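# Observations on the three-dimensional arrangement
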Amino acid sequence: MSTLFTKIINRDIPADIVYEDAHVVAFKDIEPQAPVHILIVPREETEGLASLPDEGDHTYILNAAKKIAFEFGLDKSGYRLVFNQGEHGQQTVPHLHAHLLGGRQMSWPPG
Ligand code: 5GP
């Protein structure tokens, strides 16, 4: 059974895709929490950060985030990269993804 995000990756469900490479597809969040809010999603289905295999190089997610942030002009002003994991992390879609948020001043601590 494919996840919601796999359906977006396969173009079965429409989304505003802004970047893709061999490892990830990135698209605008449907409920943006900042002027720039992009989800970076590995093509391979993994439930979340906790189920990412111990072995292997997962820096492709960070590399994609860095490139997208640059493309959206966020590299100078700054941005935030968030992985929500499980219940306390308030993860709602069980397919690993990073939120890239920018275009406004963030606050800390997060809610
Ligand atoms: P999570 O809560 O799992 O960390 O993040 C899931 C994100 O997916 C949420 O920010 C939510 O707005 C976004 N989302 C849920 N359904 C869709 C959809 O159908 N299309 C897009 N583009 N984003 C979605």
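Preceding this section is the structure that the text describes.
For the structure given in this document, a descriptive report is provided here. Not measured: the values here are computed from a predicted model.

One number sums up the size of the largest pocket: a volume of about 1000 Å³. Residue lining of the largest pocket: 34 residues in total, with Asp29, Gln33, His37, Asn84 and His99 positioned closest to the centre. Elements supplying a minimum of two residues to the lining of the largest pocket: helix H1 (4-9), strand S2 (24-28), strand S3 (36-42), strand S4 (79-82) and strand S5 (98-102). Reported here for the second largest pocket is a volume of approximately 180 Å³. Looking at the second largest pocket, the residues that line it are Ala22, His23, Pro42, Arg43, Glu44, Thr46, Leu52, Pro53, His58 and Tyr60. Its residues assigned to classes, the lining of the second largest pocket comprises five nonpolar, three polar and two charged.

Take the site of the ligand next. What surrounds the ligand is a group of 16 residues, the closest being Lys28, Asp29, Asn84, Thr92 and His99. Within the backbone of Ile30, one N or O atom sits 3.3 Å away from a nitrogen atom of the ligand. Alone, the ligand offers 520 Å² of accessible surface; in the complex the protein occludes 83% of this. In this structure the site holding the ligand corresponds to the largest pocket. Counting only elements with at least two residues in the shell around the ligand, the list comes to H1 and S2. Of the residues forming the shell around the ligand, the biggest block, three residues, is contributed by H1. For the shell around the ligand, a count of residues per class yields seven nonpolar, six polar and three charged.

This part is about the packing of aromatic side chains. Across all of its chains, the model carries one aromatic pair by this definition. Judged by centre distance (5.4 Å) and plane angle (70°), the rings of Phe5 and Phe27 are edge-to-face. Pair noted here: Phe5 is in helix H1 and Phe27 is in strand S2, with a separation of 22 residues, a long-range link. Each of the two residues, Phe5 as well as Phe27, counts as buried.

Ile38, Ile40 and Ile68 are the most contacted members of the largest nonpolar core, which has 17 residues in total. Looking at this core, the elements with two or more residues in it are S2, S3, helix H2 (59-71) and S5. No other element matches H2, which puts six residues into this core. Not counting the four nearest positions on each side in its chain, Ile38 is found in contact with Val18, Ala26, Phe27, Lys28, Asp29, Ile68, Phe72, Ala98, His99 and Leu100. Judged by nonpolar contacts, the second largest core, of eight residues, contains Phe5, Phe27, Leu39 and Val41.

What counts and what doesn't
Residues numbered from 1 in each chain as written. Predicted model: local features only at pLDDT ≥ 70, side-chain atom pairs only at ≥ 80, totals over all residues. Heavy atoms only, no water. 1 Å grid on protein atoms, 1.4 Å probe; cavity = no way out; pocket = protein on both sides within 12 Å on 5 of 7 lines; lining within 4 Å. Points joined across faces, edges and corners; volume = space filled by probe spheres on them. Helix = DSSP H or I, 4+ residues; strand = E, 2+ residues; numbered from the N terminus. Nonpolar A, V, L, I, M, F, W, Y, C, P; charged D, E, K, R; others polar. Near = heavy atom within 4 Å. Polar contact = N/O pair within 3.5 Å; in protein donor to acceptor, adjacent residues only side chain to side chain. Areas by Shrake-Rupley, 256 points an atom, 1.4 Å probe, with all protein chains shown as cover. Sits in = over half its atoms within 2 Å of the grid points. Phe/Tyr/Trp six-rings, centres within 6.5 Å; stacked < 30°, edge-to-face > 60°. Buried < 20%, exposed > 50% of the residue type's maximum accessible area, 1.4 Å probe, protein only. Core = buried A, V, L, I, M, F, W, Y, C linked by side-chain atoms within 4.5 Å. Contact = heavy atoms within 4.5 Å.

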